[in-house]
Structure formats: structure tokens, C-alpha cells
Amino acid sequence: MKSIKKKIAILRKKILKYEYFYHTLDQSIISDVEYDYLFNRLYHLESQNPELITSDSPTQKIGSHRINKFKKIVHFSPMLSLENTFSLYGYLNFQKKIKSFKHCLREISFCCELKLDGVALSIVYEEGELIQAGTRGDGYIGENVTDNVRMIKSIPIKLKGYNIPKRLEIRGEIIILKSDFIELNNQLKINNKKIFSNPRNAAAGSLRQINPIITAQRKLLFFCHGYNFFNELDDISSHYHRLKKCQEWGFLIKEEMLLCYTSAEVYNFYKNLQEKRCLLDFHIDGIVVKVDSIPLQNKLGFNTKFPRWAIAFKFPSEEHITRLIKIKFQVGRTGVITPVGYLEPIQISGVIVKKASLYNENEINRLNIHINDFVIVCRSGDVIPKIIGVLEERRLHDAEKIFFPIFCPACKSKLIKNKEEPIIRCHSGFTCHAQKQKMIHHFFSKSALNVMGLGPEIIKKLIKNNIIQNINSVFFLTSLQLQQIDNIKEKKSISIINAIINCKKTTFSRFIYALSIPHVGKMVSNNIAAYFKTAQKLLDTNILELSIIPGVGKIIANSIFCYISSPSNRRIIMELTNNIGIFWDKEEISSKILKKTLFFNKRIVLTGTFIHYSRKQCINILVGLGAKISNTVSKNTDFLIYGNKVGSKYSNALRLKVEVINEEKFLMLI
Ligand code: IVH
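All values derive from a computational prediction rather than experimental measurement.

Parameters at a glance
- Residues numbered from 1 in each chain as written.
- Predicted model: local features only at pLDDT ≥ 70, side-chain atom pairs only at ≥ 80, totals over all residues.
- Heavy atoms only, no water.
- Pairing = 2+ DSSP bridges.
- Helix = DSSP H or I, 4+ residues; strand = E, 2+ residues; numbered from the N terminus.
- Axes fitted to C-alpha atoms, helices over the stretch in contact; angles between N-to-C directions.
- Phe/Tyr/Trp six-rings, centres within 6.5 Å; stacked < 30°, edge-to-face > 60°.
- Buried < 20%, exposed > 50% of the residue type's maximum accessible area, 1.4 Å probe, protein only.
- Lys NZ or Arg CZ within 6 Å of the ring centre and 35° of its normal.
- Contact = heavy atoms within 4.5 Å.

1. Re the sheet that holds strand 17 (residues 384-390)
Part 1 of the reasoning: Strand order in this open sheet of 5 strands is 14-13-12-16-17, and the pairing throughout is antiparallel. Two strands close off the open sheet at either side, each with one partner strand: strand 14 (351-357) and strand 17. Along the sheet, successive strands turn relative to each other by an average axial angle of 40°, direction set aside.
Part 2 of the reasoning: Pairing of strand 12 (residues 320-331) with strand 16 (residues 374-380), which is carried by 4 bridges, proceeds in the antiparallel orientation. Bridging from a neighbouring strand, Ile321 pairs with Ile376 of strand 16.

2. A closer look at the packing of aromatic side chains
Part 1 of the reasoning: Counted according to the given criterion, the structure contains 21 aromatic pairs.
Part 2 of the reasoning: A ring pair is formed by Tyr91 and Phe313, whose centres lie 5.5 Å apart and whose planes are at 5°; its orientation type is stacked. Separated by 222 residues along the polypeptide, Tyr91 in helix 3 (residues 88-100) and Phe313 in strand 11 (residues 310-314) bring together distant segments of the chain. Per residue, the accessibility class of Tyr91 equals that of Phe313, and both read buried.
Part 3 of the reasoning: With a centroid separation of 6.4 Å and an interplanar angle of 65°, the aromatic rings of Phe222 and Phe251 are classed as edge-to-face. Of the two residues, Phe222 sits in strand 8 (residues 220-228) while Phe251 sits in the loop between helix 8 (239-249) and strand 9 (258-260), which places them 29 residues apart along the sequence.
Part 4 of the reasoning: Here Phe222 falls in the buried class, since its relative accessible area comes to 0%.
Part 5 of the reasoning: Residue Phe251 is classed as buried on the basis of its relative accessible area, which comes to 2%.
Part 6 of the reasoning: Here the aromatic residues Tyr91, Phe94, Phe110, Tyr267, Tyr270, Phe313 and Phe315 are joined through ring pairs into a cluster of three or more.
Part 7 of the reasoning: Positioned over the ring face of Tyr342 is Lys326, at 5.1 Å from the centre of the ring.
Part 8 of the reasoning: In this structure, Arg394 packs its charged tip against the face of Phe374, placed 4.0 Å from the ring centre.

3. So, the sheet that holds strand 25 (residues 639-642)
Part 1 of the reasoning: Strand order across the open sheet formed by 4 strands is 24-23-25-26, with parallel pairing between neighbours. Each end of this open sheet is capped by a strand with a single partner; those strands are strand 24 (628-629) and strand 26 (659-662).
Part 2 of the reasoning: Where helix 25 (residues 648-655) meets the sheet, it contacts strand 23 (603-607), strand 25 and strand 26, and its direction lies at approximately 145° from that of strand 25.

Right, here's the structure in full:
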């Protein structure tokens, strides 16, 4: 007990010190990951020993990390996704690339696993005890679902067996069996509750319950397919055997797992499971093939999105025949006209499909699709409904040819074809009511200014009743005006008004994203915000300057320039920032995060060849973290990052006493 008391005291002291530096001195002396980690460790020790909780503990403070459900957690390393292929040809290409990597001549073994259609989860163990669990989120930041995960019987709270690393991260999939899903929905129906549309949603919904007791009642299963911090057990150099080790520690792994040496063996495994698929009591959407050797995995590394050592070899999507009832031409937020096909409802892979995008005019011509045609529909990538073909021989005499409109279906202005892309656009902007409605909705949406409660239906009604005319007028809404809309009572109207007031303090990148500039998504908005910092500087820019911002190519630079050249857009921006009072910290969150990394504003030189990233990728990462890259080492250089086969830059750095960082440390620091 004494040593636990001591551990708790040390953790509290550390956390309080970091909090003092962060909140009072505005300095971050550790990373968010480390902070969250220490915090969770403390929380865990305290919950195991409640008699040791004191009111001055950081865990007991309002605003501390643990007070709210589902606080954010930063993953130790990104939870990436997998490259997909739906064909043997695609798979063989993957194998070829691996074999040609560094002219690898020796035999390579591949570990074939099931691709479970579940919810990805990361669980962290410290000295064998579960201290944190998080959902995948955006891959970098997930939701802290530790309390709920502790309730899942197939997840050990304390690991058993030997050689458990001091810190261990287990990654895997939460699923619910098909049979348990049916039973759960029956139960929900009896209790007049909303049912889940498929087992995956049921697993996700059950995991993210506010009350962990409900999670405990759901029959969730967790299967492990990955891990981190295995370094203390470097002698197990095979992925297959590492998973077996995880099984010894108490995790479920799928027994359908096979080590293969040839593509024929892999294909056999794939075909076999494709046939068995419908007999299994859980959904799989393919197999995952991973290079088994961990040293080779490390050499292959990752590209920006996927590991190079694994691929998802997916089963072809189910194809079904149904009828195209009608086509609607939708006007998007940025004026793009998209034809959407309405179908006779049909169930595909457990989901009812009622409509599918036909993307653009080229697609309509390519398919030669007519209204009333029988069409073949699948779910592209097993998700998005897609019309892949037309049964022309079954075309009926009442089939109608589809013509792309010449005028905007909403505002009737003439549509214009884009020269660079197969896009037809309405250029009326705010004067087109369809665009206006979508732009206003987008401006206040979660990823933009984040006003809860201003959904598309409410915006539509506010415009229809002429209560709002543009974005600015939303800021002058009164509680009484909101109550003119059905279903909005006093309490809700007040909370919307408060949210509108609070949204004025935002970040520059959210503000830019909120403006609905064509081609400008969240990432580009981040980069633009980090570059300009103020609205005035953005309004004063030119195409040349825009083009040097990371992620901004010719099309995006043109689009931004075109947007800021329009007098009405300039007026909107000025009114929002000067009159309405939208503001952001000069150093917004993204640059705060940047500042927390060692590389912010540092002069960096790279030398040698890198294993995990190409040199260009390393440069992109560093620039993204606010570093300045140069080619030669001088006494002004802050760090030299080196890979294999270093040259004279390395000896120059040592001579000039420039700090040198190897690839492993670099990876850790980023
Ligand atoms: S390995 C770097 N193995 O599929 C990613 N993932 O599309 C390594 N998944 O987010 C993932 N079964 O949640 C791996 N046997 C399996 C899997 C699997 C399902 C999920 C996983 C991942 C997604 C990628």
C-alpha cells in the first residue's frame, strides 16, 4: 500500500507541475500523449484504491480530463487504415512490391487474418493493468472509452502470463455476433427503443454508451489484431507469434489465421473464407494479409495513409438489380450539380439502399442510363451505393432518356461547365437559395463554427419564413424568432442563441473552412490559417503566394483567389470579423500544437536515407510541424536528422556541435 501511495503522490506532483506550466506559464513541457497517459495512470491507481483519493488530486478538479465522458485521447501512434484491393491482380501487385523492395530475395511469409467488420479499439496496459482505451476517431485523436471497455468481458483488465511489457498497447476490433445483434434488436423493439441497422452500428453504439452498465449488458467481443511496445520481446519477430503471445496474455484472437508462403496459399485462404462467409456468426468483409516478419515490416514502414506491409484483400461487394425510379439534380454547397438516382429500395450487405449518386454528366452518358431502367447496384468499397451498370436488354418502352439541366434547378440561373473537371456548376453563390441554405448550414456545422442545434431543417425554415437572409443575420436571431419554428421551445431556443454567441470565439482554420470556398477542405484551411493568421492577410494575398502554402496546388490557389476577389465575399469576411466580432487566438490551437513539438520554428537539415518515410515525406512532416528545412549544416542549424549512409553533413554537424537525431528518435518525436 505504501508504494502505491508513493506512486500516486509522484504522479500527482508531476501532473500538477505540468498543469502549472501549461495553464499558468503557457508552456508545454510534455506532449499531450504523455500527459493523458500519466493522468489515466493516476486515475486508474486511484480507482483501484479509492481510500487514497484526496480532494486536491488533479483527477478531482472540474475541467480535469476525466470529468466528462469521452474526453479525447491522443494515440501513441496513428491508427491508420489499410490499402484495399478487390482482386487477385491487386493482391499480386502488393506482393510484387514487397518482394522488389530492396530486392528482397529470401522467402517471405504472410500472415492471413480475417478482416472483421467491427469497431477499431486501442487499449493501453501499464505493468499488465488496463489503464486506457480509446476509439480510432480520426486516427490521431480518439474518444476515451476506458470506463466502458472495462465492462467488456472479453477484454482482460489484468493480463495473465509471462513477459508482459511494462507498457503494452493492444489494437483490435469490437464486434457483436449476428445472433446477438438480432436478439438485441428484438429486446430494443420490445422496449420501444430505436433499433440498430447492422451489427457494426450495434457494436459502436454499445461501446459508446454514456452509462457503462449498458455496455456491460451488451454482448461485445474484442479480437486483437495488433499491438505496440512489444520491444521488450524483440525475440518474437513474427507477427503470427506475437498474436499468439497476446492470446496467452488473455486476448481473443480469431482462430482463422494462417501463415502463407505463396500467393496460391493466400488466394486459397481468401476463396475458402469467401465461401464460408455467410456461415460465420459475424461479419467479415475480406481478409487482411500482413508481412509476418516484424523486422521486414519495420523496413517497409508506412506511407502517409497505410502501412506498406499489409493489405485488405476484400470480397467483391454484393450486386443487386433494382429499378431507377427518378433522378434529382442536387445543388451542392459550392454550386456543383450532382445527379442522384432514386431507386426501388433494396437490401445490400444488411443495409437498405434507396438512392445512389450518379456523380456527373459523364457518368450518365457512360452508363447510358434511362429513368425506369433496371440497374445493377453495389456498395462501392462495401459502403457507398453505386450504380455500376444498366440492363439495356430489359429496357421498357416507357424508359426516359436523362438530360442534364441547362439551368440551375434551384435558382434557374444558367449552369456553366468547368473546363478542368467534369463538373457543371451554378455560379450564383448566395443568391441561389439552395446554395445559401447549405452554406449557412455548413458555416455553423460541427467542423466549422460548431453551433449545436442549427440543423438543415431549422435553417431551411428560418430562410423560408424570411427570419434569416444570410450568415450575418443568424447572429441577430432572437429566442422568440427561433420559437416561431415548430418543435423549438424556449429552452432549446436559448441554448441555440448561447451557442451562436459562443461560436464567435473560434479558430482561423475553422473560420476559413466555414466559408465554403470551393476545394478548400479542413486540411487546406489549417494550412492557410497557419500561414496567414489574420483575415486581412488572407484578403491581401495573390495566387503566387497562395501556391507556396503546403497542400495548395494550382486549382485550389485559383479557387481561393477567385473567392477573395469577389467584392461580396470580401464584404462578408470583413463584416463577420469586424462587425459581428468573430475572433480567434493569434496563435490558434493548431499552432499551439505545433509549438509543443520540438521542431517548431527550428532550422533542420536531413541527411542519409530513411527507412520509414521517403526524404520528401520527412520534409513534408517537418514543414507541417512548423520547421524550416535547409540543405547545408551551419552553426545556425538546430538539428540534423540522419538516416542510413550519412555523408559530410553528419561530420559537419558533429564539428559544429549541432544536435543530431537518428531516425528512430525522429519517429518518436513526431
Ligand atoms: S490491421 C495500420 N487486421 O480494418 C492498420 N485491421 O481498414 C492495421 N480491421 O482500422 C490494421 N480486421 O480496424 C487489421 N485483422 C485485421 C483487421 C483490421 C479489421 C480493421 C481495423 C482497421 C481497418 C482498416
